[in-house]
Amino acid sequence: MMLKNRRIAVVGGGVIGLSVAHRLLDQEAAVTVFSPQPLSDITSSVAAAYWAPYWVGDYDHSIATGTLTQLQRLARSKVDGVAEFSFEEWLTEEGARELDQEIETAYWWRNLPWINFVRESMESSSPIVFQGQEVRFVEKVRFTSVVARMPDYLAWLERRLVESPSVFFERQWVDCLDSICDGNRFDFVVNCTGWGAKSLVQNDPDTAQMRLLAGHVVIVDAPAISSAISLSRSPFRGAPVYVVPRSGSRRDVLCGGTAIDVTETLNPRDRVTYKLNEKCDDVLERTSSVLPSVRGRSELERGVGIRPMRKSVRIERDAFRDDLVHCYGHGGSGLTLSWGSADRVVEILAAGC
């Protein structure tokens, strides 16, 4: 293995950073993960976290398919918090026309193994009232995907690393990548800082222009909900709704969501509470309009995460430092692209040995 015994730092302990660290461990590298925050405070912990390319810039589709294969393997091995669920997208007449125009890009993955993608009529369904207007669904898309209950899954990822004598965790912030790219402690550094890269990376114009989108979720106790629903086309394009059941240390349902441009400067070191109660109240109202069974259910927690929206996912060697590799800009598809991104990082590092 070309990376055996290589000293490699991974900066960032979210789903991308932990996945990268796992792949480096497989290569028998000596890995140090810089992860100062508790898992409960990182963006990955509040993600809806199901496999489906969503809110993401340009990327290589093989990164997503490679991740799906690994997640399906983990689900069937009953890894903590990882399971397969049935998903549905309900469509109005206008939404169905939109999908017809976008299906090659929106559902390019519909024929992958075990996705079980079908389109079915909903003509007999009753209308709902959504944000003051009557909405009637005429069709639905149904498929099977993998859901990760992120508190459980992240804990599993971290625990496997902590148990290895070849992996070390440093619970400290990295204020400057140059401070650890000095050639003394590490042979390579992998930057997996997500939206934190916007302030940490100074020499890339696409990163400087990276948008940060806030996504709000409310987790409720609703055991009767067994299938996930994701609505993002007309009339939900500006007010997406998703309801995702999760299994693991507890059975719960995650309700979302929002995609709000963050217009103020946020400190990556602070717990994110951006418009928390205002937008979570709205999330509950909208999801209850679609699924009345959500209304009145016990609310377990609220959260908000920040999606790093770059014009393309960045997985590449730094233009100015051969020992620095970047892996960020995954938008709202961190889980969807996690393992494939980690594999790509290993390829880049191995090519530099």
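What counts as what
- Each chain carries its own residue numbering, running from 1 in the direction its sequence is written.
- Only residues with pLDDT of 70 or above have their local features reported here, since the model is predicted, and side-chain atom pairs are shown and tallied only from 80 upward, although totals for entire chains, interfaces and linings are computed over all residues.
- Hydrogens and water molecules were not included; the side-chain quantities draw on all heavy atoms of the structure.
- Each axis is a line fitted through C-alpha atoms, and for a helix only the stretch in contact is used; angles between axes span 0 to 180 degrees, taken between their N-to-C directions.
- Helix and strand labels come from DSSP, where a helix needs a run of H or I of at least four residues and a strand needs a run of E of at least two; each type is numbered from the N terminus.
- In what follows, roughly perpendicular refers to angles from 65 to 115 degrees, roughly parallel to angles under 35, roughly antiparallel to angles over 145, and oblique to any angle outside these ranges.
- Contacts between residues were defined by any pair of non-hydrogen atoms, one from each residue, lying within 4.5 Å.
- Gly counts as polar in this scheme, as do all residues outside two lists: the nonpolar Ala, Val, Leu, Ile, Met, Phe, Trp, Tyr, Cys and Pro, and the charged Asp, Glu, Lys and Arg.
- Remark: nonpolar core denotes a set of buried residues (Ala, Val, Leu, Ile, Met, Phe, Trp, Tyr, Cys) joined through side-chain atoms within 4.5 Å.
- Here's how the labels work: a residue is buried when its accessible area is under 20% of the maximum for its type, exposed when over 50%, partly exposed in between, all with a 1.4 Å probe on protein chains only.
- Should DSSP find at least two bridges between two strands, the strands are regarded as paired.
- A helix is expected to span 1.5 Å multiplied by its residue count minus one.
- The crossing is said to be left-handed when, going from far helix to near helix, the turn is anticlockwise and less than a right angle, and right-handed when the turn is clockwise.
- Within 6.5 Å between ring centres, the rings of Phe, Tyr and Trp (the latter by its six-membered ring) count as paired, and their orientation is classed by plane angle as stacked under 30 degrees, edge-to-face over 60, tilted in between.
- To count as a disulfide, a pair of cysteine sulfur atoms needs to be within 2.5 Å.

Student: Which residues make up the packing of helix H2 (residues 61-76) against helix H8 (residues 334-351), and what values do they have?
Tutor: Running from N to C, H2 and H8 point in directions that differ by 105 degrees, and their axes come no closer than 6 Å. As judged from the angle between their axes, H2 and H8 are roughly perpendicular. For the pair H2 and H8, contact is made by Ser62, Ile63, Ala64, Thr67, Gln70, Leu71 and Leu74 and by Leu335, Thr336, Leu337, Ser338, Trp339, Gly340, Ser341 and Arg344, respectively. Split into classes, the residues belonging to the contact of H2 with H8 amount to 7 nonpolar, 7 polar and 1 charged.

Student: Explain the nonpolar core residue by residue, including any values.
Tutor: By size, the foremost hydrophobic cluster in this structure holds 76 residues, and its most contacted members are Val20, Leu24, Tyr153 and Leu349. A total of 8 residues in this core trace back to one element, the largest contributor, which is H8. When residues no more than four places from it in sequence are discounted, the contact partners of valine 20 are Val10, Val190, Cys192, Ala342 and Val345.

Student: Any chance you could break down the pairing of strand E17 (residues 324-328) for me, citing the residues and the numbers?
Tutor: With 5 of its 5 residues buried, E17 lies for the most part within the structure. Residues Leu324, His326 and Tyr328 point to one face of E17 and Val325 and Cys327 to the other, with burial holding for every one of them. In this sheet, E17 lies alongside strand E9 (residues 188-191) in parallel orientation, the contact comprising 3 bridges. Residue pairing for E17: asparagine 191 is matched across the bridge by histidine 326. In terms of strand pairing, strand E16 (residues 314-317) meets E17 through 4 bridges, oriented antiparallel. Counterpart to glutamate 316 in the pairing with E17 is histidine 326. Where E16 folds back onto E17 in an antiparallel hairpin, the turn is made up of 6 residues.

Student: Can you explain the sheet that holds strand E1 (residues 7-11)? Please cite residues and give values.
Tutor: A sheet is described by the order of its strands in space; here 6 strands give the open sequence E8-E2-E1-E9-E17-E16, paired in mixed fashion. The outermost strands of the open sheet, each flanked by one partner alone, are strand E8 (167-170) and E16. This sheet shows a mean twist of 15 degrees between the axes of neighbouring strands, independent of strand direction. Those strands touched by H8 are E1, E9, E16 and E17, and its axis lies near 10 degrees from that of E16.

Student: Before we move on, can you summarise the pairing of strand E3 (residues 82-91) with the specific residues and values?
Tutor: Buried residues dominate E3, accounting for 8 of its 10 residues. Relative to strand E7 (residues 139-148), E3 runs antiparallel, the two being bridged by 10 bridges. Looking at E7, one finds that phenylalanine 85 is bridged to serine 145. Judged from the 2 bridges that link them, E3 and strand E11 (residues 228-231) form a sheet pairing that is parallel. Within E11, the residue paired with phenylalanine 87 across the bridge is alanine 228.

Student: An account of H2 is needed here, citing residue identities and associated values.
Tutor: The terminal C-alpha atoms of H2, which comprises 16 residues, lie 23 Å apart, in line with the 22 Å expected from a rise of 1.5 Å per residue. All buried positions along H2 are accounted for by Ile63, Ala64, Thr67, Leu68, Gln70, Leu71, Gln72, Leu74 and Ala75. Contacts made by the buried residues of H2 are with helix H1 (15-26), E3, E7, helix H4 (150-162), E16 and H8. Trailing H2 by a residue or two, lysine 78 shows a phi angle of about 60 degrees, which is positive.

Student: With reference to specific residues and values, describe the packing of H1 against H8.
Tutor: Viewed as axis vectors pointing N to C, H1 and H8 meet at an angle of 45 degrees, and their least axial separation amounts to 8 Å. In terms of orientation, H1 lies oblique with respect to H8. Handedness of the crossing formed by H1 with H8: right-handed. Between H1, through Val15, Ile16, Ser19, Val20, His22, Arg23 and Leu24, and H8, the contact on the second element is made entirely by Gly334, Leu335, Ser338, Trp339, Ala342, Asp343, Val345, Val346 and Leu349. Each residue belonging to the contact of H1 with H8 can be placed in one class, and the counts come to 10 nonpolar, 4 polar and 2 charged.

Student: Explain the packing of aromatic side chains to me, using residue names and the numbers behind them.
Tutor: Counting across every chain of the model gives 13 aromatic pairs. An angle of 70 degrees between the planes, with centres 5.3 Å apart, marks the rings of tryptophan 90 and phenylalanine 137 as edge-to-face. Here tryptophan 90 is found in strand E3, whereas its partner phenylalanine 137 is found in the loop between strand E6 (133-135) and E7, with 47 residues between them in sequence. Given the relative accessible area of 14%, tryptophan 90 is considered buried. Phenylalanine 137 gets classed as buried once you look at its relative accessible area, which sits at 1%.

Student: With reference to specific residues and values, describe the state of the cysteines.
Tutor: One pass over the full model with this rule turns up 0 disulfides. Its sulfur unpaired, cysteine 181 is 8.3 Å from the next cysteine sulfur, which belongs to cysteine 176. With no disulfide partner, cysteine 327 has as its closest neighbouring cysteine sulfur the one in cysteine 192, 4.7 Å distant. Cysteine 327 sits in the buried class, given a relative accessible area of 1%.

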